[in-house]
Structure formats: structure tokens, C-alpha cells
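# Survey of secondary and tertiary structure
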Amino acid sequence: MKNRFLPFCSLALVISSVLAAPAALAADNDDGIVVYNAQHENLTKTWVDEFTKETGIKVTLRNGGDTELGNQLVQEGSVSPADVFLTENSPAMTLVDNAKLFAPLDADTLKQVPARFRPAHGRWIGIAARSTVFVYNPSKISHAQLPVSLMDLAKPEWKGRWAASPSGADFQAIVSAMLSLKGEKATLDWLKAMKTNFTPYKGNSTVMKAVNAGQIDGGVIYHYYYFVDQSKTGENSKNTQLHYFKHQDPGAFVSISGGGVLASSKHPKQAQAFIKWITGKTGQDMLRTNTAFEYAVGEHAASNEKLVPLDQLDAPAVEPSSLNSQKVTELMTEAGLL
Ligand SMILES: [Fe+2]
């Protein structure tokens, strides 16, 4: 199915490069840029297709997970073929930034995203955001029984009643926010109680499916799994609802997906143009209209109208560059979760 469209797509790319290419950027860039992409493939693909159509700059995607691609960049160092790195969560951006592999982003690009959705140092930027939620099965948990805080899930009454995907970067980002907000001791205690109380699944979709099927009462995931499923058949979410913790609780953490340009990029202008484009008007507006259901983070950019508005989530303030994935892995290992 995919291959049938390839010749057409390449033809379209050629035509669009000829017709629409701003000469300065596309001319010296026959081979285009390489993006190490840990964001959802379909979201990045919608961005890339439109970006290439508008600018004539070709983009090659190498897809993988946050931690996998972050570690790969650190290993490759200055000889990496990557021009751009996109993630689902910010801890992988910090991993790469700590290895001093990012170039500063253009000031015009930084201006497009409010300060709370990007680190102050300006070496990467928020491209989208996702909210932590508690997905639950209302036939198992009444409204009155819902946890007030994510921290409550450590209590004995939650034993055997909730699920998560601890090996995933999504869940680990939530733990990194808890670590930043509550400190090391409270986080380790919570993780140890989690080990006793929770049931592990691989992947957030699997967690939601289990809740939907009544195998488990609730689970800690991100919001878009529910909305994406609802926009299709709803078969994996029809028996579930989302609980937003709000009140600046660690469970109300909004995780920032990041984008950055590698200092070793051989096409820095094109790479900077790509990050500017996805954080700009057209790129951010696609988050309102497409079916990724992630939040837009651009200045004055609206998110999909089906979502609870970002400013109503009452998320805790967390400096995205302070999230420490290495410490999280250590604590989760100590608690027996990894
Ligand atoms: Fe995810």
C-alpha cells in the first residue's frame, strides 16, 4: 500500500521543489536533512510532507524511541548524520544537550513559543505537549473514588488496581516530573509502593486496552491515546474515561516534546528552517487540525477543540531542562520496576 504511492510522492516532491523552493535554502541542499524522529511517526510525517511541499527541502526520517535515539546521538557525537532531533518527551533532549551536541536555535524561532514550553538556554524548543491522565473504567471506579493526587496510587487501597508502562519514555518523563517536584526520597518511596500496587504493561495503548476490557481499574497514561482511539472506532476506549489531576499535582504534568538542531549538522540553515517551520504558524496549526491530538505550544496557537484546553489543566511548573532521566532510571531500577 505504502509503496504504491512512492513514485507519485517523489514526483510531487520534485515538482514542488521546482515550483516552490526558496532558492537560498533548497539550492545547496540536494540530499536534504536527516531527522532523528522519536515523535509519533504520523505526526512528524504530516509536518514533513507539508514542510517539503512549501520549502523544497527534502527530509529523511529515521524513527525510533526517545531513549534509543538520544543514546544513539550521544554515541555518534559529532559524526552523526542527524541534522535535527525530535522527541516525545524532554528528558531525551536533556540527555543530548548534556553531551553538548545541540546548536543554539535562532532567536526568531524561540520567539514563536512561550517561555514555559522551552528551556531558558534556547538549545532546544517545545514542538508539542501531552498531558498526564488517569484513564479509568467507571464500572470499577466511581467518581468519588478517583485518586486526588498521583501520589495516592501508592496507598494500600490501590493495590492491584492500576497499571502503567514503566519501560516507556512517556511514563519515565512523568516520574522525572515527580522527582523534580517532590524530591528523591518521596519519589523512591512512591516507586517502591508502585511496585507493590501496580500491574506492568508494555505501552500506553495496552494499558488503556486493559482498562477498557475491565482487566484493571485504571492506569497512568497520556491523554492522546484516548482521543486518537475515540477518533477511530473507539473500541479500545469506549468503556473508559479520563481523570485530570489538575491542582499542579505531579499527575497533572504536561510533558514537552522537543526539537533541536545538532551542532554537527552539515545543513544548519535547512535544519533551523525546519524547527522554525514546525514551531511556526502552519506547523502548530496542524496540531489543531490533524488527528495526533497532541497540544499545540506555539504563541497563540490553538489545540484540537476536542481536548481539554491546556490552560485549564492546572499543570505544575517544571523547568523542562531540569528533568533528569538518568536519576529516574536509577530510582526505578532500585524500586525493581526496570
Ligand atoms: Fe506516547
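Residues numbered from 1 in each chain as written. Predicted model: local features only at pLDDT ≥ 70, side-chain atom pairs only at ≥ 80, totals over all residues. Heavy atoms only, no water.

## Some thoughts on the overall build of the chain
Regarding its fold elements, the chain presents 13 helices and 9 strands. Per-residue burial over the chain gives 54% buried out of 338 residues. Considering only intrachain contacts with a sequence separation of at least 6, the fraction spanning at least 24 residues in the chain is 77%. Taken as a whole, the chain presents about 15100 Å² of accessible surface, with 54% of it coming from carbon and sulfur. The distance from the centre of the 32 positive side-chain charges to the centre of the 33 negative ones in the chain is 3 Å. (Helix = DSSP H or I, 4+ residues; strand = E, 2+ residues; numbered from the N terminus. Buried < 20%, exposed > 50% of the residue type's maximum accessible area, 1.4 Å probe, protein only. Contact = heavy atoms within 4.5 Å. Areas by Shrake-Rupley, 256 points an atom, 1.4 Å probe, with all protein chains shown as cover. Lys, Arg positive; Asp, Glu negative; His and termini not counted. Charge placed at Lys NZ, Arg CZ, Asp CG, Glu CD.)

## Things to note about the side chain of Gln112
Within the secondary structure, Gln112 sits in the loop between helix 6 (107-110) and strand 4 (125-136). Excluding its chain neighbours within four sequence positions, the residues that come into contact with Gln112 are Lys276, Thr279, Gly280, Gly298 and Glu299.

## Some thoughts on the pattern of salt bridges
Under the defined criterion, the tally for this structure stands at 14 salt bridges. In this structure, Lys45 and Asp49 form a salt bridge, with 3.1 Å as the shortest nitrogen-oxygen distance. Residue Lys45 and its partner Asp49 are both found in helix 3 (residues 41-55); the two are separated by 4 residues, about one turn of the helix. We note a salt bridge from Asp97 to Arg123, for which the minimum N-O separation is 2.7 Å. (Salt bridge = Lys/Arg side-chain N within 4 Å of Asp/Glu carboxyl O.)

## So, the domain arrangement of the chain
What the domain assignment reports for the chain is domain 1 (33-128 + 255-308) and domain 2 (130-253 + 326-335). Relative placement of domain 1 and domain 2: their C-alpha centres are 26 Å apart. Contact with domain 2 buries area across many residues of domain 1, yet Ser255, Phe293 and Tyr295 alone supply 38% of it, more than any other trio. Between the two partners, domain 1 and domain 2, sit 2 salt bridges. Note that Glu88 and Arg130 form a salt bridge whose closest N and O atoms lie 2.8 Å from each other. Here domain 1 is connected to domain 2 by 10 residue pairs in polar contact (both at pLDDT 80 or more). The set of elements that each furnish at least two residues to the side of domain 1 that touches domain 2 consists of helix 4 (66-76) and strand 9 (254-261). (Domains from an automatic or database assignment. Buried area = accessible area lost by both parts, 1.4 Å probe. Polar contact = N/O pair within 3.5 Å; in protein donor to acceptor, adjacent residues only side chain to side chain.)

## Quick word on the packing of aromatic side chains
Any two aromatic rings considered together are summarised by their centre-to-centre distance and by the angle between their planes. A complete count under the given rule lists 10 aromatic pairs for this structure. Taking 5.8 Å as the distance between ring centres and 65 degrees as the angle between the ring planes, the aromatic pair formed by Phe51 and Trp277 counts as edge-to-face. In this pair, Phe51 sits in helix 3 while Trp277 sits in helix 11 (residues 268-279), placing the two residues 226 residues apart along the sequence. You can call Trp277 buried: its relative accessible area is 10%. Each member of the aromatic cluster is reached from another via a ring pair, and the members are Phe51, Phe274 and Trp277. The aromatic ring of Trp158 is capped on one face by Arg161, whose charged end is 4.9 Å from the ring centroid. (Phe/Tyr/Trp six-rings, centres within 6.5 Å; stacked < 30°, edge-to-face > 60°. Lys NZ or Arg CZ within 6 Å of the ring centre and 35° of its normal.)

## Section: helix 5 (residues 91-98)
By the criterion of burial, helix 5 is predominantly enclosed, with 6 of the 8 residues buried. Those residues of helix 5 that are buried lie in contact with helix 4, strand 3 (84-86), helix 7 (169-182), strand 9 and helix 13 (325-334). Just past helix 5, the residue Lys100 takes up positive phi, approximately 60 degrees.

## Digging into the UniProt feature "binding site: Fe cation" (unreviewed entry) in the chain
Per the UniProt record, "binding site: Fe cation" (unreviewed entry) is found at His40, Glu88, Tyr224 and Tyr225. Across 186 residues of sequence, these annotated residues stay compact in space, with a maximum C-alpha separation of 13.3 Å. For Tyr225, the position within the fold is in helix 10 (residues 224-231). Excluding anything up to four places from it in sequence, Tyr225 contacts His40, Asp170, Asn204, Ser205 and Met208. (UniProt positions renumbered as here; feature names shortened; annotations may be inferred.)

## As for the nonpolar core
Membership of the largest hydrophobic core comes to 102 residues, with the highest contact counts inside it found for Phe85, Phe134, Trp162, Trp190 and Phe274. It is strand 4 that provides the largest number of residues to this core, a total of 8 residues. Split by domain, the residues of this core number at least three in each of domain 1 (33-128 + 255-308) and domain 2 (130-253 + 326-335). (Core = buried A, V, L, I, M, F, W, Y, C linked by side-chain atoms within 4.5 Å.)

## Some points on the coordination of the iron ion
Distances from the iron ion to its protein donors, namely Glu88 (OE), Asp170 (OD), Tyr224 (OH) and Tyr225 (OH), fall within the range 2.0 to 2.5 Å. Angles of 82 to 159 degrees at the metal separate the 4 donor atoms of the iron ion, which places the site in the irregular class. Read from N- to C-terminus, the donor residues coordinating the iron ion fall into the pattern E-x81-D-x53-Y-Y. Placement of the pair is Glu88 in the loop between strand 3 and helix 5 and Tyr225 in helix 10, with a sequence separation of 137 residues. (Donors = N, O, S within 2.8 Å, 3.2 Å for Na, K, Ca; no water. Tetrahedral: all angles 85-135°; square planar, octahedral: opposite > 155°, others 65-115°.)

## Let's talk about helix 10
Buried residues of helix 10: Tyr224, Tyr225, Tyr226, Phe227 and Asp229, and no others. The inward-facing, buried residues of helix 10 contact strand 4, helix 7, helix 9 (204-212), strand 7 (218-222) and strand 8 (241-243).

## Section: the confidence of the model for the chain
Summarising the model, the chain shows a mean pLDDT of 93, and 91% of its residues fall at 70 or more. With pLDDT under 50 throughout, residues 1-21 is counted as low confidence; its partners more than four residues away or in other chains account for 10 contacts. (pLDDT = per-residue confidence, 0-100.)

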